[in-house]
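# Topology and contacts: notes
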Amino acid sequence: MTGERTRDGALEYLKREGRIVIVGASLAGLRAAETMREKGFTGSLTMIGDEPYEPYDRPPLSKQVLLGHAVADHTALPRRRVIDADWRLGVPATGLDMAARRVRLGNGDEVEYDRLLIATGVRARPWPNEEEGSLQGVFVLRTRDDGEGLQRALADNPRRVLVIGAGFTGSEIASACRERGLNVTVAERGDAPLVGALGGVIGEVAAEMHREHEVDLRTGVMVTALEGDPSGRVRAAHLSDGSTIEADVVVVSLGAQRNTEWLAGSGLGAGPRGIACDAGCRAFDVRGIVTDDIYVAGDVARSPHALFGYQFLSLEHWGNAVAQADTAAHNMLSESADRRPHLWVPAFWSSQFGVNIKSVGVPPMGTEILITQGSLAERRFAAVYGYQGRVIAAVTFDNCRWLPFYEHQIESTAPFPPPYSTVDRRPEGNKPVPADFPDPSVPTHGPTITLSGYSPADRKMTFTPGR
Amino acid sequence: MTQALLREIIDYANRADPYPLYEELRKNPVSHDGNGPYVVSTYYEIQSLLHDPRISSDARNLKSTGDDPLGQSADDEGTALPPSFLKLDPPDHDRLRRMTNRPFGPPHAPHRVHDMRDELHGLVGGLIDNIATSGNLDRVDLVDQFAYPFPVTVICRLLGVPHEDEPRFHVWAETLAASLDPDPDGDPAQRGKGTTDARMELGMYLAGLIEERRKNPGNDMLSQLATADGPDGAMTTMEALSTSALLLIAGHETTVNLITNGMLTLLRHPDVLQRLREDPGLSVPIVEELLRYEPPVQLLPQRTTLSDIEVAGVNIPKGASLWLILASGNRDPKRFENPDRFDPDRKDIQHLGLGSGIHSCFGAPLARQEAQLALSELARRLENPRLLEDPPPYRQNAVLRGPRHLQIACDGVLPKAA
């Protein structure tokens, strides 16, 4: 028997009778399972999820659900096909034994695998002060339960809602509150909403959207403490500028944390920034060696992207989860020569204050920005981001039909500033300006993580929400 | 050689089956010869140009039409009116299209098209009843007796043309439609005058209606265009006029051909016709596949470049005339498996039949609903329908392509459903 045939035989055996375990029963996990079945995998498939629900869709949670237009438990993801899986829902994975190929579950069970896909995603970053964070009326928004709880709280007509953090989720929540006619204050550490994702030029447009919709927007401030009443309900928040905001509902919208703690000590290259993997979704171990039976997909993955200087990107994007799951599933069932790289061009969308926002590429890599079409003042435009003389990203506000063009510009490393004319080019689009992203070395934007201790055993990580 | 191929596409002799010519054309994604138009024939290139902001729909950006057999714009709306949004670029295009969409579709009028369903059903039923009572089932012209009158009446209802004026409206519409389809043997001066007169009369009529609706607005689109007062402000009378003229012409010619091409295709595929007879729901995938397989708009002849651009290795200079052959892209084997097969069970069917990008067909939801209803009702009610002439005589027009007549015979007409 030749080596070639042995390998083929092993793969055929895996496809026919192998055991595949997927940890993470959300978008990426589900789509990967579907792809595997599509590719003829007939072995056993186990889906492990810590939430008690079947896979559901998250984008509506910060939009339609908050408005009461959709019910949180009606956002189940449509199924592309029957996947015939053994579902272990409501049970978290708590550990991984790479040598024995076993996943440990919270209820003490162990599940053996021949191939493992990790798609555990992210969770909302909680309020750093646990006592304050557990006050009644303080919410985060990530899960179906979060969405349902927040929707109920908003339906009770609170006198004021405070949203901490004006990223995409925070801005969408503020928008939903205004649409419901609620008073809302948004506190953002940066100089403008969305500034971390899209930079200061676009952030200024977002700020106008907030103000025009009568959001009480406070920028350049931090919430230093939440205050409860004697019954344990939140009643006010204290800000770094000395002011106090009285609010019945506080939504903590400070981004996400990757669900990798369960892998501590497993030897897998997993940490706060996600699980490092190669372009084919195979996970790295802590030694920097690629594994051959453990794959990663979705928000929790961190993979090098050829188009962006092989930077390791972790993307919290819906489309990325779908595409990466597809690639991981394909590669899990393929010989090495047939494997595909995950080459998805990052893209995301948001809907807030009646405006459709879409982006492709990696805007924060951009140093300059040029408004190629439309106008910032009309809040209807397309803009491209430049990085070292090439187009690296684009964003549209209510102008998304042009986006495929810009995506192609990014894919083909088109020059920046663009040398061509376009329809709807206005005077402001004749000269690039600095994109105005916050200086990543100044801890004004995003939380900071510091390490202390010397030996690996006593190294500690401390999360600091601000200065 | 390209030029010769273009002439062949325009040549009436090839109207019944232009697809072999398109296949020839697709050997090069972009064809160009001398000073004629740059002709794009492959799916992915057309698709990307439709989303390319360096491409303009505004004829004022054309440097010269050169040797362009369609240089005389194919759907001349006349010189008296400002260009409709079909022939404008953003921001004017966006503003007018947005304002027109407010009373027509989501988010402000999500139910408009759906709510016309019963009315459309009634119209279709009535026209088929007329066929039944015409007494001559051995020779029915589906174009004159059905596919033509249906969409005009629909547009009248949509715009809010009073019922008693509909016959006058039909005459103008027909004259203008005929002008889109020049008969090389006719007297151009004579026809030109007729068209101008019809356009004038229609314009005066619409202007009067708009004035009246401004004072007494109803629930129709014309009232809403005339009294629009959204974030984009109001339309001028001239804008409302050119917009409603656009809705009339574009919403009419295309639907006639979609329905006629549809019946022709179904009669050539009796198995599919039988399936549709048994399951009216099949009209949805059938119409989608028709839009791919026999699109009413075969090509877009009036795009131009705002910069020098490169498409599939060909440099197209600024101000050049571009033809995008949608019908050829729809049969591109690089995009669709077995593209010359009519297959309503096709899964992956993102065709170019309604265009794409900012100018994608404004009336698409209405056109789909009209065609779905028309085809499923014809299939259900006509007993043993058969073609009397195949291929049927086509209209002159190479852009808006469809049979001028579709003579069929049938054994009987089943009654309307209770």
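If you're wondering where the values come from, they're calculated on a predicted model, not measured in any experiment. (Residues numbered from 1 in each chain as written. Chains lettered and ligands numbered in written order. Predicted model: local features only at pLDDT ≥ 70, side-chain atom pairs only at ≥ 80, totals over all residues. Heavy atoms only, no water.)

Turning to the overall build of chain A, a few remarks are in order. Counting its secondary structure elements, chain A contains 9 helices and 31 strands. For a compact globule of 467 residues, the expected C-alpha radius of gyration is about 23 Å, and chain A comes in at 23 Å, within 12% of that figure. C-alpha atoms of chain A, sized along the principal axes, occupy 75 × 65 × 50 Å. In chain A, buried positions account for 54% of the 467 residues. Looking at chain A alone, contacts between residues at least 24 apart form 64% of all its contacts between residues at least 6 apart. Summed over all atoms, the accessible surface of chain A reaches about 20,100 Å², with 49% contributed by carbon and sulfur. Measuring between centres, the 50 positive side-chain charges of chain A sit 3 Å from its 59 negative side-chain charges. (Helix = DSSP H or I, 4+ residues; strand = E, 2+ residues; numbered from the N terminus. Rg over C-alpha atoms; globule rule 2.2 N^0.38 Å. Buried < 20%, exposed > 50% of the residue type's maximum accessible area, 1.4 Å probe, protein only. Contact = heavy atoms within 4.5 Å. Areas by Shrake-Rupley, 256 points an atom, 1.4 Å probe, with all protein chains shown as cover. Lys, Arg positive; Asp, Glu negative; His and termini not counted. Charge placed at Lys NZ, Arg CZ, Asp CG, Glu CD.)

Before going further, it helps to examine the sheet that holds strand β2 (residues 44-49) of chain A. Residues and elements named next belong to chain A. Strand order in the open sheet formed by 6 strands is β3-β2-β1-β7-β21-β20, with mixed pairing between adjacent strands. The sheet terminates laterally at β3 (86-89) and β20 (282-284), the two strands that pair on one side only. Averaged over neighbouring strand pairs, the angle between their axes works out to 30 degrees when direction is ignored. The sheet contact formed by strand β7 (residues 115-118) and strand β21 (residues 290-296) spans 3 bridges and is parallel. The residue bridging Ile118 from the neighbouring strand is Val296, located in β21. Here helix α2 (residues 27-38) sits on the sheet and contacts β1 (19-23), β2, β3 and β7; the angle it forms with β2, its principal contact strand, is near 175 degrees. Packing of helix α8 (residues 318-332) onto the sheet brings it into contact with β1, β7 and β21, and relative to β21 it is tilted by some 140 degrees. (Pairing = 2+ DSSP bridges. Axes fitted to C-alpha atoms, helices over the stretch in contact; angles between N-to-C directions.)

According to the stated counting rule, one finds 0 disulfides over all chains in the structure shown. The cysteine Cys361 of chain B is free of any disulfide, with Cys400 of chain A supplying the nearest cysteine sulfur at 18 Å. For Cys361 of chain B, a relative accessible area of 32% translates into the label partly exposed. (Disulfide = S-S within 2.5 Å.)

Before going further, it helps to examine helix α9 (residues 166-179) of chain B. All names here are of chain B. Taking 1.5 Å per residue as the helical rise, α9 with its 14 residues ought to reach 20 Å, and the 20 Å between its terminal C-alpha atoms agrees with that figure. Along α9, the positions that sit buried rather than exposed are Glu166, Phe169, His170, Trp172, Ala173, Leu176, Ala177 and Ser179. Where α9 is buried, its residues touch α8 (149-159), α10 (188-215) and α12 (237-268). (Expected span 1.5 Å × (residues − 1).)

Glancing now at the UniProt feature "domain: FAD/NAD(P)-binding" (unreviewed entry) in chain A. Using the residue numbers shown here, the UniProt feature "domain: FAD/NAD(P)-binding" (unreviewed entry) corresponds to residues 19-325 of chain A. In this annotation, residues 19-325 of chain A is assigned 23% helix and 31% strand; the end-to-end C-alpha distance for the span is 17 Å. (UniProt positions renumbered as here; feature names shortened; annotations may be inferred.)

Under the UniProt annotation, the feature "domain: Reductase C-terminal" (unreviewed entry) is placed at residues 348-416 of chain A. A distance of 22 Å separates the end C-alpha atoms of residues 348-416 of chain A, which is 13% helix and 52% strand.

Each side of the interface is counted separately: chain A has 14 residues, and chain B has 18 residues. Taken together, both faces of the contact between chain A and chain B bury some 1,400 Å²; the carbon and sulfur share is 61%. Three residues, Arg401, Trp402 and Val423 of chain A, lead the burial of chain A against chain B; their summed loss comes to 43% of the area buried on that side. For the interface between chain A and chain B, the tally reads 0 salt bridges. The tally of links between chain A and chain B comes to 5 residue pairs in polar contact (both at pLDDT 80 or more). Among the elements that line the side of chain A that touches chain B, the one with the most residues is helix α9 (residues 403-411) of chain A, at 3 residues. (Buried area = accessible area lost by both parts, 1.4 Å probe. Salt bridge = Lys/Arg side-chain N within 4 Å of Asp/Glu carboxyl O. Polar contact = N/O pair within 3.5 Å; in protein donor to acceptor, adjacent residues only side chain to side chain.)

Moving on: the pattern of salt bridges. Pairs can form between side chains of opposite charge once their charged atoms are near each other. Residues and elements named next belong to chain B. Scanning all chains against the criterion turns up 56 salt bridges over all chains. Measuring nitrogen to oxygen at the nearest pair gives 2.9 Å for the salt bridge that ties Glu166 to Arg157. Exposure remark for Glu166: the relative accessible area of 7% places this residue in the buried category. On the basis of relative accessible area, Arg157 is assigned to the partly exposed category, the value being 28%. In this structure, Glu289 engages Arg292 in a salt bridge whose closest nitrogen and oxygen atoms are separated by 3.0 Å.

The subject of this paragraph is the side chain of Gln373 of chain A. Considering the arrangement of structural elements, one finds Gln373 of chain A in strand β26 (residues 368-375). For Gln373 of chain A, the side chain forms a polar contact with the side chain of Tyr406 of chain A, separated by 2.6 Å. When sequence neighbours within four positions are dropped, the list of residues in contact with Gln373 of chain A reads Arg380, Phe381, Ala382, Trp402, Tyr406, Thr422, Val423 and Asp424 of chain A together with Pro53 of chain B.

This brings us to the nonpolar core. Grouped together as the largest cluster of nonpolar side chains are 117 residues, with contacts concentrated most on Phe146, Phe150, Phe169 and Ile286 of chain B. Of the residues forming this core, the biggest block, 13 residues, is contributed by α12 of chain B. Those residues in contact with Phe146 of chain B that sit more than four places away from it in its chain are Val124, Leu127, Ile128, Ile131, Asp141, Ile259, Ala374 and Leu378 of chain B. Of all hydrophobic cores here, the second largest spans 73 residues; its members include Leu154, Ala206, Leu313 and Ala394 of chain A. (Core = buried A, V, L, I, M, F, W, Y, C linked by side-chain atoms within 4.5 Å.)

Let us look at the confidence of the model for chain A. For chain A, the mean per-residue pLDDT works out to 92, and 92% of the residues sit at or above 70. Contacts from residues 443-447 of chain A, a stretch scored under 50 in pLDDT, to residues over four places away or in other chains number 17 contacts. (pLDDT = per-residue confidence, 0-100.)

A few words on unusual backbone geometry. Cis rather than trans, the peptide bond between Pro90 of chain B and Pro91 of chain B has omega equal to 5 degrees. Examined against the element boundaries, Pro91 of chain B turns out to sit in the loop between β3 (55-56) and α4 (92-101). Along the chain, Pro106 of chain B connects to Pro107 of chain B via a cis peptide bond; the corresponding omega equals 0 degrees. With respect to the helices, strands and loops of the structure, Pro107 of chain B is situated in the loop between α4 and α5 (112-115). One non-glycine residue, Asp424 of chain A, lies in the positive phi region at around 65 degrees. Relative to the helices and strands, Asp424 of chain A resides in the loop between α9 and β29 (433-434). Phi angles above zero are rare outside glycine, and Asn338 of chain B is one such case at about 45 degrees. With respect to the helices, strands and loops of the structure, Asn338 of chain B is situated in the loop between α15 (326-329) and α16 (364-381).

Residues and elements named next belong to chain B. Pairing is antiparallel across the open sheet formed by 3 strands, whose spatial order is β4-β11-β10. Pairing within the sheet leaves two strands with one partner each, and these edge strands are β4 (140-141) and β10 (386-387). The pairing of β10 with strand β11 (residues 407-409) spans 2 bridges and is antiparallel. Its bridge partner being in β11, Arg386 is matched across the sheet by Ala409.

Moving on to the packing of aromatic side chains. The tally for this structure, following the rule as stated, stands at 17 aromatic pairs over all chains. Look at Phe405 of chain A and Tyr420 of chain A: their rings are 5.8 Å apart centre to centre, the planes differ by 80 degrees, and that puts the pair in the edge-to-face class. Here Tyr420 of chain A lies in the loop between α9 and β29 and Phe405 of chain A lies in helix α9, a separation of 15 residues in the sequence. For Phe405 of chain A, a relative accessible area of 6% gives the class buried. Joined through ring pairs, the aromatic side chains of Phe405, Tyr406 and Tyr420 of chain A make up one cluster. Over the ring of Phe336 of chain B we find Arg292 of chain B, and its NZ or CZ is 5.3 Å from the ring centre. Of note, Arg331 of chain B hangs over the ring of Tyr293 of chain B, and the distance from its end group to the ring centre comes to 4.2 Å. (Phe/Tyr/Trp six-rings, centres within 6.5 Å; stacked < 30°, edge-to-face > 60°. Lys NZ or Arg CZ within 6 Å of the ring centre and 35° of its normal.)

For any two helices packed against each other, one specifies the inter-axial angle together with the distance between the axes. Residue and element names in this part refer to chain B. One can describe the packing of α8 onto α9 by two numbers: an axis separation of 10 Å at closest approach and a directional angle of 120 degrees. Judged by the angle between their axes, α8 and α9 are oblique. Once α8 is placed against α9, the crossing between them reads as right-handed. Contact with α8, carried on its side by Pro149, Val152, Thr153, Cys156, Arg157 and Leu159, involves Glu166, Phe169, His170 and Ala173 of α9 and no other residues of that element. Taken together, the residues of the contact of α8 with α9 sort by class into 6 nonpolar, 2 polar and 2 charged. (Parallel < 35°, antiparallel > 145°, perpendicular 65-115°, else oblique. Left-handed = near helix turned anticlockwise from the far one by under 90°. Nonpolar A, V, L, I, M, F, W, Y, C, P; charged D, E, K, R; others polar.)

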